[in-house]
Amino acid sequence: MSAVRKATVLLSLGLAAVSAACHAAPAHRPLRLEPCELRSAGGLSLVKAECGHLSVPEDPARPAARQISLAVAVVPAISTVSRPDPLVVLAGGPGEAATAFYASIAPAFALIHRDRAIVLVDQRGTGGSNALECGPGADDAGPPTVAQIAAETERCLKRLRKHARVRFYTTGLAVQDLERVRAALGYRRIDLYGSSYGTVVAQAYIRRYPTRVRSVILDGVVPPQVPIGVMSSIDAQRAVLRIFAACARRSACRGRFGDPEQVYRHVREALAAHPVRVTLADPGGRPRRLEFTNYQLGQVLRLASYTPQLAALLPLDLHEAAAGDFGPLAGQFELIDRVYGNAIAEGMNNTVVCSEDVPFYHVTAALRARMSRTFLGAAPIRDLQEVCKLWPHGPVAADFHAPLHSDVPALLLSGGNDPITPPRYAALAARGFTHSLSLVIPGFGHGQLLDPCMDRVMAQFVRRASSAGLDTACLRKLRPMPFFLTPNGPGP
């Protein structure tokens, strides 16, 4: 994965837009479904479903012009007596395909799936819906230059212009697409689950079609008022420092590693003075040489703060690096390519971010100075702004960034150490819901879907379409994975 892609995809979660032309109710169209199989991005998970395609205009103002085909999948309820309203699962990114996302985490919805169908729509520009994939670019070893960013952006646009007008791949148009699918499938109302950027899509849909939504779960919440990305460096720094502090509070972890924050700063200073050459074995067993710098370290730190499992390894990996072995950290950096390299449609991500986030940034000199003191620094913001100078912008509705006011029952989920959508975002979004419950899981990262017992909480909420009296006692027992004291695992 090129450094440009890492800068744009790993930093951003886009806020969405919708043009005035998209507000009218779409025409109903038939949708035929046939048996199919859904596969996760890595191909390791498989789910049986019923799939079809719905043709929609790329530009709603020109319905007779180019049509795009939306990939739609329905996973029928297990029970023969199913509920009339399905759960629509909205993926993150921006740029992740809902079908691949669901295939990778389907067990988390098993309790809901017992008596309720699961509906998946690959958002326009992702997966099977005319994906805006830039293809392999230059594999830059370090942070990209302005010239590299421009060259990669132009290369991607040239590739995508053959089958898409990229400005018509915003969230607002995706919301209209979703309403078309609902009507074509014949559902009167739907329940929504949105993950990360999917929370943007969910709230945008509620704003446009409030009577069509029975309940909503927002996991890793983005409030409409916040353009995501501008605070990412600062929030990521806070999350990592909280991980270090948690290790320092545990006697076994502190006894093994000392103060992890001091170790981290020592490693940063050492890399600033002399980058380290690391040799790794790729999956085929062949050696791969990597120059490890503070740029690679920054990507690893941010990735580690996303999940408790990776956070549990961070003090050990930094300790090994301080002793001269950068192999574990370099291995984590390679993992970024394998996990995210093909999971996100970069072009769709760029359209959302450049239309709906970057134009609303207000980066003062003081804020840029704060960013420069973090492990990500201010460069990611610069990189996004450089991409967006060249990338076509879609229209943004005048009310999109206005607070949402809704009577739809809402369950909001946050991790206490979330580096991109911190709990304060959920608190802001919750003000817009008359009936809501916001849950924060201390010590956890971005996305609570796979947390132990969360499946029971979500199923209870969807079944009742109410947060009143919701039994969340099991969540109070949750603890993040203990820190690894050796490569063999945590201590006793």
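Look above for the structure.
Quick summary incoming for the structure in this document. (Residues numbered from 1 in each chain as written. Predicted model: local features only at pLDDT ≥ 70, side-chain atom pairs only at ≥ 80, totals over all residues. Heavy atoms only, no water.)

### Side note on helix 16 (residues 379-390)
Taking 1.5 Å per residue as the helical rise, helix 16 with its 12 residues ought to reach 16 Å, and the 18 Å between its terminal C-alpha atoms agrees with that figure. Of all the residues in helix 16, the buried ones are P380, I381, D383, L384, E386, V387 and C388. (Helix = DSSP H or I, 4+ residues; strand = E, 2+ residues; numbered from the N terminus. Expected span 1.5 Å × (residues − 1). Buried < 20%, exposed > 50% of the residue type's maximum accessible area, 1.4 Å probe, protein only.)

### A look at the nonpolar core
A general feature of soluble globular proteins is that nonpolar side chains tend to end up buried together. Judged by nonpolar contacts, the single largest core of 76 residues is most densely connected at L185, L192, Y205, I206, V216 and L412. Top element by residues in this core is helix 6 (residues 197-208). It accounts for seven residues. Residues contacting L185, with those up to four places away along its chain left out, are L31, L33, V72, V74 and V119. Listed in part, the 39 residues of the second largest apolar core include C36, A73, F101 and L475. (Core = buried A, V, L, I, M, F, W, Y, C linked by side-chain atoms within 4.5 Å. Contact = heavy atoms within 4.5 Å.)

### Structural notes on the pairing of strand 2 (residues 46-57)
Here strand 1 (residues 34-39) runs beside strand 2; their pairing, made up of six bridges, is antiparallel. Bridge assignment links C36 to a residue of strand 2, and that residue is A49. Here strand 1 folds back onto strand 2, and the loop between the two strands holds six residues, one of which, G43, carries a positive phi near 75°. Inspection of the sheet shows strand 2 paired to strand 3 (residues 67-75) by eight bridges, in the antiparallel sense. Following the sheet pairing, V56 is matched in strand 3 by I68. (Pairing = 2+ DSSP bridges.)

### Quick look at the state of the cysteines
For the coordinates displayed, the defined rule picks out five disulfides. Across the disulfide from C36 sits C51; the S-S distance is 1.8 Å. Between C36 and C51, the S-S torsion sits near 55°, and that sign places the bridge as right-handed. On the criterion of sequence distance, the pair formed by C36 in strand 1 and C51 in strand 2 is long-range, its members being 15 residues apart. One disulfide in the model links C354 with C388; its S-S distance is 2.1 Å. Handedness of the C354-C388 disulfide follows from its S-S torsion of about -80°: it is left-handed. Of this pair, C354 sits in helix 14 (residues 346-356) while C388 sits in helix 16, placing them 34 residues apart in sequence. C388 matches C354 in its accessibility class, with the two residues each being buried. Take the cysteines of the protein chain that form disulfides and number them in order along the sequence; they join up as 1-2, 3-4, 5-6, 7-8, 9-10. (Disulfide = S-S within 2.5 Å.)

### A few points about the packing of aromatic side chains
This structure, assessed with the given rule, holds five aromatic pairs. Judged by centre distance (5.2 Å) and plane angle (75°), the ring pair of F109 and Y193 falls under edge-to-face. Of this pair, F109 sits in the loop between helix 2 (98-105) and helix 3 (110-113) while Y193 sits in strand 6 (residues 190-195), placing them 84 residues apart in sequence. As far as burial versus exposure is concerned, F109 and Y193 are alike and both buried. For the pair F244 and Y264, a centre-to-centre distance of 5.4 Å together with 40° between the ring planes defines the contact as tilted. Highlighted residues: F244 in helix 7 (residues 232-249) and Y264 in helix 9 (residues 260-273), separated in sequence by 20 residues. Take F244 and Y264: they sit in the same class, and that class is buried. Just above the ring of Y169 sits the side chain of R124; from NZ or CZ to the centre is 5.8 Å. Positioned over the ring face of F168 is R167, at 5.0 Å from the centre of the ring. (Phe/Tyr/Trp six-rings, centres within 6.5 Å; stacked < 30°, edge-to-face > 60°. Lys NZ or Arg CZ within 6 Å of the ring centre and 35° of its normal.)

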